[in-house]
Amino acid sequence: MITIRKFALRPFTPEDLVRLGALTRQMIEFLGACVRAKANIVVSGGTGSGKTSLLGVLSSFIPSDERLITIEDAYSQAATR
């Protein structure tokens, strides 16, 4: 299996996701408050569902003096055998 990921030159903003209808303004405000409150957030979904785009937007709410750790479990054909 091969996966090619091409990222946009300009990352999505919270306003972009609202304009595109992916999230409402209230959802953005809630998620932003969760990030600032250091709540745990699990982002899960299928291929192409917008997880990376959402994480990019969520990361815009992280204060500049905080550290960020991401963990990704890439699909492995061997894991299904």
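Residue positions are given per chain, counted from 1 along the sequence in the order it is written. Local features in this predicted model are restricted to residues whose pLDDT is 70 or higher, and side-chain atom pairs enter the listing and the counts only when it is 80 or higher, whereas totals over whole chains, interfaces and linings include all residues. Computation of side-chain values covers all heavy atoms of the structure but excludes hydrogens and water.

## Here we look at the pattern of salt bridges
Line of reasoning, step 1. We define a salt bridge as a side-chain nitrogen of Lys or Arg found within 4 Å of a carboxyl oxygen belonging to Asp or Glu. Under the criterion given, the structure shown has four salt bridges.
Line of reasoning, step 2. As a salt-bridge pair, D16 and R10 come within 3.1 Å of each other at their nearest N and O atoms.
Line of reasoning, step 3. Among the residues examined, D16 registers a relative accessible area of 7% and is labelled buried.
Line of reasoning, step 4. R19 is the salt-bridge partner of D16, the closest N and O atoms lying 3.1 Å from each other. Of the two residues, D16 and R19 are both situated in helix α1 (residues 14-19); the distance of three residues between them amounts to about one turn of the helix.
Line of reasoning, step 5. Several salt bridges converge on common partners, so that one network encompasses R10, D16 and R19. Only protein chains enter the calculation, and the probe is 1.4 Å; a residue is then buried if its accessible area is under 20% of its type maximum, exposed if over 50%, and partly exposed in between. Secondary structure counts use DSSP, requiring at least four H or I residues in a row for a helix and at least two E residues in a row for a strand, with both numbered from the N terminus.

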